[in-house]
Structures are given as structure tokens and as C-alpha cells.
Amino acid sequence: MRRALAEFLYEKASTDGKLIFLTGDLGFEVFENFKKDFPNRYINAGIAESNMVATAAGLSAAGFKPIIYSIASFMTSRPFEFIKILGAYNNFPLTIIGAGGGLTYSSGGATHHALDDLALMLMIPDVNVFSPAGPQELKMCLEFAQNSSNTSYIRIGKFGELDLPGINEEIITPHQILEGEEVAILSHGSSSTDCLAAAKKINQILPQSVAAYHFTSLRPINNEFLQNIFNSYSKILVVEDHWPIGGLYQIVLSALQVGNQHCSVDRLGPPHQFLDYPLDNLSVKEKFNFGENSIILKVLELLKRL
Amino acid sequence: MKDLETLAFRSRILTILSAWKCGSGHLSSSLSLIEVLVALFAKKYSGTDEKKVRIILSKGHSALGFYSVLSQFERIDAKELKAYNMNDSRLGSHTSRKSLDEVEFSAGSLGMGLGFGCGLAQAERINKTSNKIFVILGDGECNEGSIWESANYAAANNLSNLVAIIDSNKVQAVARATDLLGDSTLGNTFLSFGWEVVEIDGHSFKEIEQALKINTTKPLAILANTVSGKSIPLFEDQVSWHYRNPSEADVKAYIQITEATKVAQDLIDLFK
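Quick notes on the rules
- Counting starts from 1 at the beginning of each chain's written sequence and moves along it residue by residue.
- Chain labels run from A onward and ligand labels from 1 onward, assigned in the order the entries are written.
- Per-residue local features of the predicted model are confined to residues with pLDDT of at least 70, and side-chain atom pairs are confined, for both listing and counting, to 80 or more; whole-chain, interface and lining totals are unaffected and use all residues.
- Only hydrogens and water are set aside when side-chain values are computed; all heavy atoms of the structure are taken into account.
- Secondary structure counts use DSSP, requiring at least four H or I residues in a row for a helix and at least two E residues in a row for a strand, with both numbered from the N terminus.
- Whether a residue is buried, partly exposed or exposed follows from its accessible area with a 1.4 Å probe, protein chains only, as a fraction of its type maximum: under 20%, in between, or over 50%, in that order.
- In this analysis, two residues are considered to be in contact whenever any of their non-hydrogen atoms come within 4.5 Å of each other.
- DSSP-based pairing: two strands are paired if at least 2 bridges between them are found.
- The convention used is that axes are lines fitted to C-alpha atoms, helices contributing only their stretch in contact, and that angles between N-to-C directions extend from 0 to 180 degrees.
- Note: buried area is the sum, over both parts, of the accessible area (probe 1.4 Å) each one loses when the two are combined.
- Salt bridge, as used here, is a side-chain nitrogen of Lys or Arg placed within 4 Å of a carboxyl oxygen of Asp or Glu.
- Each residue is assigned to one of three groups, with Ala, Val, Leu, Ile, Met, Phe, Trp, Tyr, Cys and Pro labelled nonpolar, Asp, Glu, Lys and Arg labelled charged, and all others, Gly among them, labelled polar.
- Ring pairs shown here join Phe, Tyr and Trp side chains whose ring centres sit within 6.5 Å, with only the six-membered ring taken for Trp; geometry is labelled stacked below 30 degrees between planes, edge-to-face above 60, and tilted in between.
- Roughly parallel refers to an angle under 35 degrees, roughly antiparallel to one over 145, roughly perpendicular to one between 65 and 115, and oblique to any angle outside these ranges.
- Helix crossings get a hand from a simple test, with the near helix turned counterclockwise from the far one by less than a right angle marking a left-handed crossing and a clockwise turn marking a right-handed one.
- Two cysteine sulfurs form a disulfide in these notes if their separation is within 2.5 Å.
- In plain words, nonpolar cores are sets of buried Ala, Val, Leu, Ile, Met, Phe, Trp, Tyr and Cys residues tied together by side-chain atoms within 4.5 Å.

The number of helices and strands found in chain B is eleven helices and five strands. With 272 residues in all, chain B has 57% of them scored as buried. In chain B, the proportion of contacts linking residues at least 24 apart, taken out of those at least 6 apart, comes to 74%.

See below:
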């Protein structure tokens, strides 16, 4: 997805003189073409996230449309107050990219895990929050963000992600990526790829039993559509690469309450603790039961087929 | 337009009257900044293009002083100072850009204005325009690490149109600046970060105006030595007055000692 970001920057810079990109000294060899051909619009702000956000806000105040980039954990925690006060309270719109959301960088240890980034950004009023799964979808999010009068946070992976089927430009409406009738899996970001793979396998043996929905946007969300999902299924499974507080799981629980709905809701995802072992991404999902196999087992359990 | 000394004197009276009437503290940090604010606004409104001088009040708690000076430049009505920090007033205890066009960013959390100024300065660079960005910092505010991230960035990017004015009044919220974090050699610190530095008497218009005229190839730090609570012997240079407010007796004594009625009777009448 970082390549998609670099492509977007390059394409947009030619037509939009206001686009400007700031990085916190990250993105090795990803943005070289952009840097070469638009040197005026590429800023390496150094390993100083708070100043990077403040500088971006000043650029925004001066009429530019900044896109700022760092690793998700560093992008959202360290400069949180600057994002809150300058990006939101003062309403200087910024597009903030957090690379390596969730446990993408699992082997980096807890400092590199972004298991609270969505919660932090959702905590701030008026900030748009996106978690695309693939490159074309990311470009749609960037388009939305750059045209929004609010600050946006976009959590992305690393590289090699494929686009999910059935994603359209209505990014605030959850996308149905697989049809089914008994259980609905709700997810975002990289988890949706695992969910789709798991759900397809189940539907091969038990046709039409599980549906999958992918949330590009956590805010804003088409609430009517969400309530319809609750109306249509008695069992919901939320899978996300985020702590149980403040992410999609919590959004779903709140929406259920508000809509006075009565589905059962289960969750798969990392436990609310610091994960500090060197484990690659696949292994950490195995260990904490939110990878493809765990999703299959959980859905079968919900379908009472275990 | 009245002369600068008169504008400063009237701004001070108004600040003191408002603090007495409305309360809410931070009087001393407003009083120390008056001359700098008057000089900056005079520069801003003296030419044909206001945008040539951008004023960022990073130490947002000097809002009262900021508003008083704005009224003397007729950007707001002095009458509004009677409702400073009162419910539904647009003059809050920290400046808000939603209330006043002259406020470039809503402040109140220290350590943000210099980075914001870097962004504005960088925009000028990209647009090939030459407006100057003045960021007013407190000396206590320079405890914040983010100030130094911004200082580093500004020098590394040769933001020569960025000027930081440090209101060095030596008093912070609950301590003297030097007692808290050692000898406050802010000038040396900015110098070592690659800035041009000039140290002035922050209450001398002659020195302020000279400093504001300096053109450099690096960002410039004007270390303005000021007295917290300037002009009120009772208040001057006292940590306790950072948050205290004057009583009616204090105000009466002030008016008498300074012969304020000669120059600011209209303002005194406003608060009767």
C-alpha cells in the first residue's frame, strides 16, 4: 500500500499544487520519484513527530493540503495532542498516514505495535478514520481525505496487499465482500483479507452460511446500513487487529445498544496487553487466535457445527 | 494614531482594569508583553499589506494583554474587555481563532506555536513570498521539548522569515524560571541550535523596533528581557502574581500613582 501512496502523491502533485508530503524520516526508497520530481513538496521532517504535525498545520493554515506519514504507533501516540489541538480543535485539515497498523510490525516489539491508533484517532472529535485493505481502496481514502474539511487518519499496512472484491467509492458504507445468511463477520484493514479467505472456505462446505463485511471507514459510518446488518443476522463476529477498546468492536457494541438490537457479538483480535515476543505476523495471529484458521474455527462454533 | 508609549500605557490600564473586573489570572504574563505586542501590531498595520506581518501568540495565556492591545488598534471595542472571560464572551482566557480573525491559532497548550510558525514560514518559502512570521513564546514555554524540535527544524530549513520573540519575564506558574530549570540561558540555546539571537530590553520601543527590522539568513530569536507584572511595583517580578488579580484598592492606587486619568480617562470611565 505504500507504493499506492507514492503513486497517489506523484499523480496528484502534477494537478494539485497544494499537495505537500511530510515524512518523519521514514519510507526508505518508497517515495524517490516523488522526491526527485517534486522536491519542493517533499519534506523530511526528521524524527520529530510533534513538530511535523505542527509544521503541517501551519502549511494547512497557509492553504496547502499536507499528507503526513510515519509508522502508525509513532504517528498517533507521540504527537497526539498536536493532532487533537491543531488538526481538530483548530481545524487545520491534515491527512495523517499511519503505516504498519495493528501487528504488521509484530516482530518489532510493543513500541512498533499500533493496537490503539484507531482508538486514539476516534477519540478526537471530527477526525475521519480509515482502515483500507488494499491499494486502490487506499487511493479512494486519500481522495476523500484530501477533499475533506476535517483531519483524516488512514491506517495502512506495508506492502503486498491485494484489493478486496466489491469495494466501491462509497467508502463510508461497509462493503459486503461475501454473501451469506447466518453469521456476519465484520472487519477492517488486513483482517478483512483473512476473514474473506476463512468465510469462503466455510461457504464451500456449508453454502451461504457466513457473510463478510469490510469497513473502509470507521468514521464516518453509514449507520443505517450498520443497523441493517444487525437486523439481518443473529450472530456477529468482529475481527480486528486492534485492542478491544475503542476500535470497530466497540463501535459495533455501541451501535447495537443505540439501535436496541439483539445480536450476539463475538470478537477475535489481540488481547489487551503488550505483546513483546519476536514473532512474525502470521505466528502472532496464530498465537492470539485471530488468523484465518482461528476465524474458521470460531465461525463453525457459532454455526454450532463444532 | 497615538504614539506607541501612549498605546502601551493605555493597554496596560485596560489590562489591569479588566483583570480587576473579570478576574481569571495571568495578569503578569500579559503586562510583561505589552510593548512587544504594541510594536508588532504597529508594524502589522502600518503598511498597506497586513499579511506582511503574521503574529502568532504561542503563549496563549497572555490573551488579556493581546485583547487590550487589539482594542488600542481599534480591532475590537475596548468595551469588550469588561466581559473578558465571562460566559459567552468572545474574549476567553486563551485566544481562540473562532472568536477573532486576528488570532492565527487557538492557543493554550504551550509548545505548539513555533512549529506552527515553521509551517507558515515554509509556505512562504514555497510560494516565494516574503511575509514574516513572528511567534511569541514565553520563557517558561521553552521548557517544552517540542519548542526545540521546531527550533532545530527552522534552522535546518533556513527559515529566515521566522522570528521567535521570547517574553523572558523570568517567572513561571509556580516558580522563578531560573530556580526551576537552571540558569535560563535561552539565548545561548537558540544560538547553539543555529539561530541568530539578539537580546533586548523588552520594554524599550527603540530596542524592539530595531530588532524587528533585522534581516538574517537564519531564523531569528529576539530574547526580550521583561519584567513580569511590569509597571505595578507591587506586582513586578513576583511569582505569586502570576495568578493573582488586583483588588479595587490596587487599581485605585495604580491610577493615582501613574496619573492614568491624564491619558486614559475614557477607559477608567468604562469600568466605573
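On we go from here.
This next bit is on unusual backbone geometry. Residue and element names in this part refer to chain A. In this structure, P220 follows R219 across a cis peptide bond, with omega equal to 0 degrees. Looking at the element boundaries, P220 is found in the loop between β10 (217-219) and α9 (223-232). Non-glycine residue N91 carries a positive phi angle of around 55 degrees. For N91, the position within the fold is in the loop between α5 (80-89) and β4 (95-99). Given the relative accessible area of 36%, N91 is considered partly exposed.

What follows covers the sheet that holds strand β4 (residues 196-201) of chain B. All names here are of chain B. The parallel open sheet is built from five strands, whose spatial order is β1-β2-β3-β5-β4. Of all strands in the sheet, those bounded by a partner on one side alone are β1 (53-57) and β4. Each strand of the sheet is rotated relative to its neighbour by a mean of 20 degrees, with strand direction disregarded. Against the sheet, helix α5 (residues 113-127) engages β1, β2 (132-138) and β3 (162-168), with an angle of about 175 degrees to β2.

Between chain A and chain B, the residue contacts involve 24 residues of the former and 21 residues of the latter. Note on chain A versus chain B: buried area summed over both sides is about 1,900 Å², and carbon and sulfur give 62% of it. Summed over the three residues of chain A that lose the most area to chain B, namely N51, Y89 and N90 of chain A, the buried surface amounts to 25% of that side. On the surface where chain A and chain B come into contact, there are zero salt bridges. Those elements giving two or more residues to the side of chain A that touches chain B turn out to be α3 (49-61) and α5 of chain A. In terms of residues, the side of chain A that touches chain B owes the most to one element, α3 of chain A, which gives nine residues. Split into classes, the residues belonging to the side of chain A that touches chain B amount to 15 nonpolar, seven polar and two charged.

All right, on to the pairing of β4 of chain A then. Residue and element names in this part refer to chain A. Within β4, five of the five residues are buried, which leaves it mostly tucked inside the rest of the structure. Bridge count for strand β3 (residues 65-71) against β4 is five bridges, and the pairing is parallel. In the sheet register, S70 faces β4, and the bridge partner there is G98. Bridge analysis of β4 against strand β6 (residues 152-156) gives five bridges, and the strand direction is parallel.

With that out of the way, let us pick up the packing of aromatic side chains. All names here are of chain B. In the structure shown here, the tally under the stated rule is 22 aromatic pairs over all chains. Measuring from centroid to centroid gives 6.2 Å for Y45 and F73, while their planes differ by 45 degrees, and the two rings are tilted. Remark: F73 occurs in the loop between α4 (63-72) and α5 and Y45 occurs in helix α3 (residues 34-46); sequence separation between them is 28 residues. Centroid distance W148 to F190: 4.7 Å. Interplanar angle 50 degrees. Geometry classified as tilted.

Further remarks concern the sheet that holds β6 of chain A. Residues and elements named next belong to chain A. If you trace the seven strands from one edge of the open sheet to the other, you get β2-β1-β3-β4-β6-β5-β10, paired in mixed fashion. Strands at the two margins of the open sheet, each flanked by one partner only, are β2 (42-44) and β10. Direction aside, the axes of adjacent strands within the sheet are offset by 20 degrees on average. Both strand β1 (residues 19-23) and β3 contribute to a ladder of five bridges, which runs parallel. Paired with I20 across the strands is P66, a residue of β3.

All names here are of chain A. With their axes 8 Å apart at the nearest point, helix α8 (residues 191-205) and helix α12 (residues 292-302) run at an angle of 50 degrees to one another. Considered as vectors, α8 and α12 are oriented oblique to each other. The way α8 lies across α12 gives a crossing that is right-handed. When α8 is examined against α12, the residues D194, C195, A197, A198, K201 and I202 are found in contact with a partner set consisting of E292, I295, I296 and V299. Among the residues forming the contact of α8 with α12, the class breakdown is seven nonpolar, no polar and three charged.

Residues and elements named next belong to chain A. What the rule picks out here adds up to zero disulfides over all chains. In this structure C141 is a free cysteine whose sulfur lies 18 Å from that of C195, the closest cysteine sulfur available. Residue class for C141 comes out buried when judged on its relative accessible area of 0%.

Before going further, it helps to examine the nonpolar core. Formed by 81 residues in total, the largest nonpolar core has its most connected members in L186 and I236 of chain A together with L114, L137, L162, F190 and W195 of chain B. Counting residues per element, this core draws most heavily on α5 of chain B, at seven residues. Every residue in contact with L186 of chain A, bar those within four places of it in the chain, is listed here: Y213, F215, I229, I236, L237, V238, V239, L248 and V252 of chain A.

This part is about the pattern of salt bridges. With the rule as written, the count across this model stands at 20 salt bridges over all chains. We note a salt bridge from K298 of chain A to E301 of chain A, for which the minimum N-O separation is 3.4 Å. Of this pair, K298 of chain A and E301 of chain A both sit in helix α12, separated by three residues, roughly a single helical turn. Linking E50 of chain B and R75 of chain B is a salt bridge whose minimum nitrogen-to-oxygen distance equals 3.5 Å. Separated by 25 residues along the polypeptide, E50 of chain B in the loop between α3 and β1 and R75 of chain B in the loop between α4 and α5 bring together distant segments of the chain. Each of E7, E11 and K139 of chain A takes part in salt bridges that share partners, so that together they form one network.

It is worth spelling out the environment of C142 of chain B at this point. Residues and elements named next belong to chain B. Locating C142 in the fold gives a position in the loop between β2 and α6 (145-156). Measuring from C-alpha to C-alpha, the distance between C142 and H203 comes to 20 Å, with 61 residues separating the pair along the chain. The contacts of C142, once residues within four sequence positions are left out, are L137, I147, W148, L186 and F190.

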